[in-house]
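Read off the chains here:
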Amino acid sequence: QITLKESGPTLVKPTQTLTLTCTFSGFSLSTSGVGVGWIRQPPGKALEWLALIYWDDDKRYSPSLKSRLTITKDTSKNQVVLTMTNMDPVDTATYYCAQRKLVAGVIFDYWGQGTLVTVSS
Amino acid sequence: DIQMTQSPSTLSASVGDRVTITCRASQSISSWLAWYQQKPGKAPKLLIYKASSLESGVPSRFSGSGSGTEFTLTISSLQPDDFATYYCQQYNSYSRTWTFGQGTKVEIK
């Protein structure tokens, strides 16, 4: 059974750095083809893909946020960490991590429950 | 970047109706298009990938079609459990970035 769960602060101040952890089970990020991504959703708005890390440590970032994002993995702990610098109130959103479906391309078939992050002073 | 535009933004329908949602890409994405369903307070659920492939466990009343820049998601007979917001996502491998549409909310008429 594949599960993913996001954890991290629920409230951050403007200009601070956000660090979110995705802890997963039921698969290994050392298996060829596997990837874990982050997607966010501001309240009442659409989904936005942020970053993706592959089993071979290849990384992809949203061009509009690339300068602020870092994604890393700890295979031994079954965790993926996303950091986002210089947080702003517009970054208030539910942040999801999700597993890449093992087909050509990048789509997500298993998702965490999401964690709401509010940016406010 | 490839932009995805869904229409309509909101759709009012009744149980049993045939419902069609459209997603347009700003450039050709071949068949690299997925559809998700999201209910309030829940994570999205993958319904269809590669434009027309039904994800395992998804009811057959859901179907997808299209290629290039225009795609549709059809629900053949709307059920009470189908009232939700639907998102398309392009995953053109050449772009190496992946974008979602703005969503279509299916409401009870």
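Structure first, text after, so check above.
So, a few notes on the structure that sits alongside this text. (Residues numbered from 1 in each chain as written. Chains lettered and ligands numbered in written order. Predicted model: local features only at pLDDT ≥ 70, side-chain atom pairs only at ≥ 80, totals over all residues. Heavy atoms only, no water.)

What about the side chain of T115 of chain A?
Part 1: Structurally, the position occupied by T115 of chain A is in strand β11 (residues 115-119).
Part 2: Apart from residues no more than four positions distant in its own chain, T115 of chain A is found in contact with E6, L20, A93, T94 and Y95 of chain A. (Helix = DSSP H or I, 4+ residues; strand = E, 2+ residues; numbered from the N terminus. Contact = heavy atoms within 4.5 Å.)

A closer look at the interface of chain B and chain A
How big an interface is tends to be expressed through the accessible area that disappears when the partners come together.
Part 1: Facing the 20 residues of chain B at the interface are 23 residues of chain A.
Part 2: Buried area between chain B and chain A, summed over both chains or domains, comes out near 1800 Å², and the portion from carbon and sulfur atoms is 67%.
Part 3: By the criterion of area lost to chain A, the three top residues of chain B are P44, W98 and F100 of chain B, representing 34% of everything that side buries.
Part 4: Our count for the contact surface shared by chain B and chain A stands at one salt bridge.
Part 5: Across the salt bridge formed by K101 of chain A and E55 of chain B, the nearest N and O atoms sit 2.9 Å from each other.
Part 6: Viewed at the interface, chain A and chain B are joined by eight residue pairs in polar contact (both at pLDDT 80 or more).
Part 7: Among the elements that take part in the side of chain B that touches chain A, strand β4 (residues 33-38) of chain B stands out by supplying three residues, more than any other.
Part 8: Considering only residue class, the side of chain B that touches chain A consists of 11 nonpolar, five polar and four charged. (Buried area = accessible area lost by both parts, 1.4 Å probe. Salt bridge = Lys/Arg side-chain N within 4 Å of Asp/Glu carboxyl O. Polar contact = N/O pair within 3.5 Å; in protein donor to acceptor, adjacent residues only side chain to side chain. Nonpolar A, V, L, I, M, F, W, Y, C, P; charged D, E, K, R; others polar.)

With respect to the environment of P8 of chain B
Part 1: The topology assignment puts P8 of chain B in the loop between β1 (4-7) and β2 (10-13).
Part 2: For the pair P8 of chain B and G103 of chain B, spaced 95 residues apart in the sequence, the C-alpha separation amounts to 8.6 Å.

Keep in mind that these numbers describe shape and distance, not what the molecule does.
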